[in-house]
Amino acid sequence: MPRYGSSNSLGLLDRSLVFITGKGGVGKTSVTAALGVLAAKAGKHTLICEVDAKGDIARLLDCEPSGFEPTEIRENLFLMSMNTEEALREYLRIYLRVPVVAKLGPLARTFDFIANAAPGVQEILVVGKLCYEVKEARYDLILVDATSTGHIVSQLASPKGISELVRLGMVKDQVAWMEDILYDSSKTSVIVVATPAETPINEALELAGRIDNETDVHLGALIVNKVMPELFSRSEEEFFTLLQDPKAIKVLNKVIPGDIELLLRGSNAALEMRRCADPYVERLISGVGTVPTALLPLMFGVGSRMKLVRDLGEAIAAEWDDFLWQG
Ligand SMILES: Nc1ncnc2c1ncn2[C@@H]1O[C@H](COP(=O)(O)OP(=O)(O)OP(=O)(O)O)[C@@H](O)[C@H]1O
Ligand SMILES: [Mg+2]
């Protein structure tokens, strides 16, 4: 089974299904949107699936929110919101040939019953829909703005869990093709996003370990987002140290009106933030061995949301020039 640092030479986005996960608020949705825009621009027919259906992707990309049915939001880029009830309805129609279940009343009750009766049903509906889209091959790439730490593991492990539970019959066959997609490192991969602070890095390492131990899904990459950029080169830092001499401040105060000390304190705080981030970044990198890692900068004074997406895309492309796709 694929493990950390698989020798697979395929580009990260040459796969059909890529999950983006991590702790709440680390930038999963922003990274997914940035990857989607990059992939669509590179000519890949791309579907973004928003699992939590909050509509954040639409807000970031300045488009109308989408429902379960994908809508084209720009050239080559499609958006859908996951909805487990709709996924069940689609499943019943396609696989069990239950005619279009017109009225939701009885289905809603059945759905509640099924979804709450057995563990893993909600999860398998999400994963099943995504794998079904891969099987249908309407898109080159499906990017999943996935649920955060914890829940994602049960989603990724759900076909394996069900196939261990049910050894024979239709259900077994149904999950077998999902496993073929989900647990094949040339088709499916996961990106874990973190920010450079103690808890998010610990959670990212724990999540990477759980993906490795509890699922057979390929861990493709880690992203440390919102990393304070290096403000100065070495010579600029020397110059900055000289500026902080009280004598220099006194002279400057004479020629430049304004609170120079406040500016210097602000710059020092930014330098300190960067220094604090470094050990966490190093811990993450050494903790995940050969899994490729990218650092994305904390963007200052970002104008529109679309600008954040564009800037993140540029940063990802700069970090992973030849890792996103081959040729
Ligand atoms: N590199 C960055 N620089 C500055 N701000 C950023 C960066 N990345 C994301 N943000 C901001 O951080 C906030 C959280 O980002 P985002 O919604 O993408 O995170 P998330 O992990 O999807 O959150 P949730 O778990 O709530 O879905 C947003 O306000 C976003 O604009
Ligand atoms: Mg989000």
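Figured I'd write up the structure that's included with this text. (Residues numbered from 1 in each chain as written. Chains lettered and ligands numbered in written order. Predicted model: local features only at pLDDT ≥ 70, side-chain atom pairs only at ≥ 80, totals over all residues. Heavy atoms only, no water.)

## With respect to the site of ligand 1
Applied cut-off: For this purpose, a residue is taken to be near a molecule or strand whenever a single non-hydrogen atom of the residue falls within 4 Å of it. Any N or O atom pair separated by 3.5 Å or less is treated as a polar contact, with the protein-specific requirement of one donor-capable and one acceptor-capable atom, and with residues adjacent in sequence counted only for side-chain atom pairs. In this text, helices come from DSSP runs of H or I with a minimum length of four residues, and strands from runs of E with a minimum of two, each type numbered from the N-terminal end. Only Asp, Glu, Lys and Arg are considered charged, only Ala, Val, Leu, Ile, Met, Phe, Trp, Tyr, Cys and Pro nonpolar, and every remaining residue, Gly among them, polar.
In the region of ligand 1, 16 residues are neighbours, and Lys 28, Thr 29, Ser 30, Lys 226 and Met 299 sit closest. Within the contact set of ligand 1, an oxygen atom lies 2.9 Å away from a side-chain nitrogen or oxygen of Lys 226. Listing elements by their share of the shell around ligand 1, those giving two or more residues are α1 (28-41), β7 (219-227) and α12 (305-319). Per-element accounting of the shell around ligand 1 gives the leading share, three residues, to α1. Of the residues in the shell around ligand 1, the class split is six nonpolar, six polar and four charged.

## So, the environment of Cys 63
Inclusion rule: Should any heavy atoms of two residues lie within 4.5 Å, those residues are counted as being in contact.
Assignment of secondary structure puts Cys 63 in the loop between α2 (56-60) and β3 (71-74). When the C-alpha atoms of Cys 63 and Arg 74 are compared, they prove to be 8.9 Å apart, with 11 residues separating the residues in sequence. When near neighbours in sequence (up to four residues on either side) are disregarded, Cys 63 contacts Ala 58, Ile 73 and Leu 79.

## Focus on the packing of aromatic side chains
To keep things clear, this is the line we draw: Pairing of aromatic rings covers Phe, Tyr and Trp, the last through its six-membered ring, and needs centres within 6.5 Å; plane angles under 30 degrees mean stacked, over 60 mean edge-to-face, and all others mean tilted. Exposure categories follow from relative accessible area, calculated using a 1.4 Å probe and restricted to protein chains: below 20% of the type maximum is buried, above 50% is exposed, and the middle band is partly exposed. Look at NZ for Lys and CZ for Arg. If either is within 6 Å of the ring centre and within 35 degrees of the ring normal, a charge sits over the ring.
Under the counting rule described, the total for this entry stands at three aromatic pairs. Centroid distance Trp 320 to Phe 323: 5.1 Å. Interplanar angle 65 degrees. Geometry classified as edge-to-face. Pair check on accessibility: Trp 320 and Phe 323 agree, each one buried. If you follow Lys 135 out to its NZ or CZ, it ends over the ring of Trp 177, 4.3 Å from the centre.

## Considerations on the sheet that holds strand β8 (residues 293-297)
Each strand in a sheet pairs with another by means of backbone hydrogen bonds, the pair being arranged parallel or else antiparallel. To keep things clear, this is the line we draw: A pair of strands is considered paired only if DSSP assigns at least 2 bridges between the two. To get an axis, fit a line to the C-alpha atoms, keeping to the stretch in contact for a helix; angles then go from 0 to 180 degrees between the N-to-C directions.
Pairing is mixed in the open sheet, where eight strands are placed in the order β3-β4-β2-β5-β1-β6-β7-β8. Of all strands in the sheet, those with a lone pairing partner are β3 and β8, marking the two edges. This sheet shows a mean twist of 25 degrees between the axes of neighbouring strands, independent of strand direction. α1 contacts β1 (17-22), β2 (46-50), β3, β4 (77-81), β5 (141-145), β6 (188-194), β7 and β8 of the sheet and is inclined by roughly 165 degrees relative to β5. Strands β1, β2, β4 and β5 of the sheet are contacted by helix α5 (residues 121-136), whose axis makes an angle of about 165 degrees with β5.

## A closer look at the nonpolar core
Counted only if it meets this: The term nonpolar core refers to a set of buried residues drawn from Ala, Val, Leu, Ile, Met, Phe, Trp, Tyr and Cys, joined through side-chain atoms within 4.5 Å.
By size, the foremost hydrophobic cluster in this structure holds 52 residues, and its most contacted members are Leu 17, Phe 19 and Leu 130. Sort the elements by how many residues they give to this core and α5 lands first, with nine residues. Non-local contacts of Leu 130, meaning those with residues more than four positions away in its chain, are made with Leu 17, Phe 19, Cys 49, Met 82, Ile 142 and Val 144. One finds Leu 12, Ala 221, Ala 294 and Phe 323 within the second-largest nonpolar core, a separate group that totals 38 residues.

## Re α1
Helical geometry: 3.6 residues make up each α-helical turn, so side chains three or four residues apart lie on a common side. As a reminder, the rule being used: By definition here, a helix of n residues has an expected span of 1.5 Å times n minus one.
Taking 1.5 Å of rise per residue, 14 residues should cover 20 Å, and α1 covers 20 Å from first to last C-alpha, within 8% of that figure. In terms of burial, α1 is a largely internal element, 13 of the 14 residues being buried. At the C-terminal side of α1, Gly 43 shows a positive phi close to 95 degrees.

## As for the environment of Ile 211
Inspection of the secondary structure assignment puts Ile 211 in helix α8 (residues 198-214). With a relative accessible area of 0%, Ile 211 lands in the buried category. The sequence separation of Ile 211 and Ala 157 amounts to 54 residues, and the corresponding C-alpha distance is 8.5 Å.

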